[in-house]
Amino acid sequence: MYAVLSNQKCFGCDFIVSATGVVPNTQPFLKGNEFRLADDGGFLVNEQCMTSIDGVYAAGDVCSVDWPPAPHWIQMRLWSQARQMGHYAGKCMLAATHGQSITKDICFEIFAHMTNFFGFKVVLLGRFNAQGLGSDYEILLRVTKGEEYVKVILHNGRMVGAILIGETDLEETFENLIMNEMDLTQFGSDLLDPNVDIQDFFD
């Protein structure tokens, strides 16, 4: 099987995963309206998920947030984040009908995505691919062939992101470490030592 990309490069492969919805499809709504758009074409929305047109809300792949994101949250056009944003936008719309606004949802504090791929649980947390960190980060890896893959992103001695594949049971511990911004320098590579139960230290 071969895949030809939009840049005309061709790659041989055994399997293709199709990603749908990663480009904001705002074009059908632009004629006759004056929406503010982000550089990627998404509707800019405020902290209540309202667009630049009063009473018009947007969530998910079609929008781009227009507020300073939390340190451990990134916008990524995935179905799980679209669902979270849609739920939050609905609550914002309901509050607006009563002349109220609501506090930004906890889902905007840390990026988190969980799915299953080829029978393995996959968890992405925070800046799991060192997004926005340039070259100023450290990677810790733990790989058990056929069982698990654990990747941790450290920045200034603090965990800022992680990828967990398999039944690692580390997601809650790592989410807390990212949110609490604990200095992990003293642990070094022992942080991922399978013989050390780090949950006893941090839960």
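Residues numbered from 1 in each chain as written. Predicted model: local features only at pLDDT ≥ 70, side-chain atom pairs only at ≥ 80, totals over all residues. Heavy atoms only, no water.

A. Looking closely at the overall build of the chain. Each helix and strand counted, the chain has three helices and nine strands in total. Considered along the principal axes of its C-alpha atoms, the chain spans approximately 60 × 50 × 30 Å. By the burial criterion, 39% of the 203 residues in the chain qualify as buried. Residue pairs in contact within the chain that sit at least 24 positions apart in sequence constitute 42% of those at least 6 positions apart. (Helix = DSSP H or I, 4+ residues; strand = E, 2+ residues; numbered from the N terminus. Buried < 20%, exposed > 50% of the residue type's maximum accessible area, 1.4 Å probe, protein only. Contact = heavy atoms within 4.5 Å.)

B. Spatial organisation of the sheet that holds strand β8 (residues 148-155). A sheet is described by the order of its strands in space; here five strands give the open sequence β5-β6-β9-β8-β7, paired in antiparallel fashion. The strands lining the two open edges of the sheet, one partner per strand, are β5 (112-117) and β7 (138-144). Neighbour to neighbour, the strand axes of the sheet diverge by 15° on average, direction disregarded. Judged from the seven bridges that link them, β8 and strand β9 (residues 158-165) form a sheet pairing that is antiparallel. (Pairing = 2+ DSSP bridges. Axes fitted to C-alpha atoms, helices over the stretch in contact; angles between N-to-C directions.)

C. Highlighting the pattern of salt bridges. Applying the stated criterion to the full structure yields seven salt bridges. With a shortest N-O distance of 3.7 Å, lysine 104 and glutamate 47 are connected by a salt bridge. In this pair, lysine 104 sits in the loop between α1 (79-97) and β5 while glutamate 47 sits in the loop between β3 (43-45) and β4 (63-65), placing the two residues 57 residues apart along the sequence. On the accessibility criterion, lysine 104 (24% relative accessible area) is partly exposed. A salt bridge links arginine 142 to glutamate 148, with the shortest nitrogen-to-oxygen separation between them at 2.8 Å. Taking the relative accessible area as the measure of exposure, glutamate 148 reaches 17% and is therefore buried. The structure contains a network of salt bridges with shared partners spanning Lys121, Glu167 and Glu171. (Salt bridge = Lys/Arg side-chain N within 4 Å of Asp/Glu carboxyl O.)

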